[in-house]
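Here is how the chains run, residue by residue.
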Amino acid sequence: MDTVPRIRAARWADKDPVAALIADALHPSPLAAWLVPDPAQRRRILADVLAIWVEHAMFFGDIYLTDDLTAATVGFHRYRPIPPPANYPIRLADAAGPHADRFDILDQTLSLRRPTEPHYHLAFLAVQPKAQRTGRGTAMLAHHRSRIDRVDLPSWTDTTNTSQDLYARYGYIHRPTITLPEGPTIHPMRRNPDPGNDAWPLNTTSPTTTSHQQDLAN
């Protein structure tokens, strides 16, 4: 059976590895191909843009990852309005070059559908391709759920066809889909808090054993 390493909060030194992890998980998806059609440039550009958002989450959210850096969640505390990343238009242009418009369309499209009420925004749940089907995505989402229920606020995420069932098992419900211009369909999902969940976040040094379907970045 597969073992899931201990889950911990990210440190500043984890910023680039987490961005690279999400880029690896996102790389084979239709969304990544829409954002960066050229496969030769795709992973580098994804990692550079994601590094901006991972850094932003360290100031306005939280990041959790496994000790072996094979799975991570990145979220934002949208309990009140938060600013965009510092100098974002300039940094996005530097990171994405001619593909910056696609990233900007994605950001604006998703933000328009996001709740205006206070909520937790689960921006990314990513598992490295070589570590998929080992229970890591399930363990990360269980850890996330146990933390969010203590905040007593809804959670919001935007996901893909391959990971909808996983989120549904943890209480997320489907919202109207989003189809990007000449691009893939994205599936927003919402989870209401469960005040009856008294479990503390799963973050023990003893590995858990579980195996579930493939988990991908949102």
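Everything quoted here is computed from the prediction, not taken from an experiment. Position numbers for residues count from 1 along each chain, tracking the sequence in the order it is written. The predicted origin of the model limits local features to residues at a pLDDT of at least 70 and limits the giving and counting of side-chain atom pairs to 80 or more, whereas totals for whole chains, interfaces and linings rest on all residues. Side-chain numbers here rest on the full set of heavy atoms in the structure, without hydrogens or water.

Hey, could you go over the overall build of the protein chain for me, with residue numbers and the actual values?
Helix numbers and strand numbers start at the N terminus; a helix is a DSSP run of H or I with at least 4 residues, a strand a run of E with at least 2. Assigned secondary structure in the protein chain consists of seven helices and 10 strands. When the accessible surface of the protein chain is split by element, carbon and sulfur atoms take 54% of a total near 10,200 Å². The Shrake-Rupley method, run with a 1.4 Å probe, gives the accessible areas here. Residue values count only the displayed protein chains as cover.

Can you explain the packing of aromatic side chains? Please cite residues and give values.
Only rings of Phe, Tyr and Trp enter the pairing, Trp through its six-membered ring, and a pair is recorded when the two centres are within 6.5 Å. The plane angle decides the type: under 30 degrees is stacked, over 60 is edge-to-face, the rest tilted. Using the criterion set out here, one finds four aromatic pairs in the structure. Relative to F76, the ring of W53 has its centre 6.1 Å away and its plane inclined at 85°; by these criteria the two rings are edge-to-face. Of the two residues, W53 is situated in helix 3 (residues 39–60) and F76 in strand 4 (residues 71–78); the sequence distance between them amounts to 23 residues. Each member of the pair, W53 together with F76, is buried. Taking 5.3 Å as the distance between ring centres and 85° as the angle between the ring planes, the aromatic pair formed by Y167 and Y172 counts as edge-to-face. The same class applies to Y167 as to Y172, namely buried. Linked through ring pairs, W53, F76 and Y88 together constitute an aromatic cluster. Should the NZ of a Lys or the CZ of an Arg lie within 6 Å of a ring centre and within 35 degrees of the ring normal, that charge is described as sitting over the ring. Over the aromatic face of W12 sits the side chain of K15, whose NZ or CZ is 5.8 Å from the ring centroid. Buried residues are those whose accessible area, probed at 1.4 Å on protein chains only, stays under 20% of the maximum for their type, while exposed residues exceed 50% and partly exposed ones sit between those limits.

Lay out helix 5 (residues 100–113) in plain terms, naming residues and giving numbers.
How far a helix is expected to stretch is found by multiplying one less than its residue total by 1.5 Å. Taking 1.5 Å per residue, 14 residues should reach 20 Å; helix 5 reaches 21 Å between its end C-alpha atoms and fits that length. Those residues of helix 5 hidden inside the fold are in contact with helix 2 (30–35), helix 3, helix 4 (88–96), strand 6 (155–159), strand 8 (178–179) and strand 9 (185–191). Between two residues, a contact is recorded if the distance between any of their heavy atoms is within 4.5 Å.

Before we move on, can you summarise the pattern of salt bridges with the specific residues and values?
Here, a salt bridge means any Lys or Arg side-chain nitrogen found within 4 Å of an Asp or Glu carboxyl oxygen. On inspection of all chains with the given rule, the structure shows 11 salt bridges. The closest approach of N and O atoms between E55 and R91, which form a salt bridge, is 3.3 Å. Placement of the pair is E55 in helix 3 and R91 in helix 4, with a sequence separation of 36 residues. Residue classification places R91 among the partly exposed residues on the basis of a relative accessible area of 24%. In this structure, the salt-bridge partner of R147 is D62, at a minimum N-O distance of 3.3 Å. Of this pair, R147 sits in helix 6 (residues 136–151) while D62 is found in strand 3 (residues 61–66), placing the two residues 85 residues apart along the sequence. Pair check on accessibility: R147 and D62 agree, each one buried. A single salt-bridge network, built from bridges that share partners, covers R6, R8, D14 and D67.

Explain the confidence of the model for the protein chain to me, and be specific about the residues and the numbers.
Any residue range with low pLDDT should be treated as having predicted coordinates unsuitable for detailed reading. Scored from 0 to 100, pLDDT reflects the predictor's confidence in each residue. In this model, the protein chain carries an average pLDDT of 88, and 88% of its residues clear a pLDDT of 70 or more. Per-element confidence in the protein chain is highest for helix 4, whose mean pLDDT is 98, and lowest for strand 10 (residues 208–209), whose mean pLDDT is 34. Across residues 198–216, where pLDDT falls below 50, the model places 55 contacts with residues more than four positions away in sequence or in other chains.

How would you sum up the pairing of strand 5 (residues 119–127)? Please name residues and give values.
Most of strand 5 is tucked away: nine of the nine residues are buried. Bridge analysis of strand 4 against strand 5 gives eight bridges, and the strand direction is antiparallel. Within strand 5, the residue paired with A71 across the bridge is V127. Two strands qualify as a pair provided DSSP detects at least 2 bridges between them. Of the strand pairs in this sheet, strand 5 and strand 6 are connected by three bridges, and their pairing is parallel. Note on strand 6: the bridge partner recorded for H121 is W156. We call a crossover right-handed when, viewed with both strands directed away from the observer, the connection leading from the first strand over the helix to the second proceeds clockwise. As for the winding sense of the linkage, the β-α-β connection from strand 5 through helix 6 to strand 6 is right-handed.

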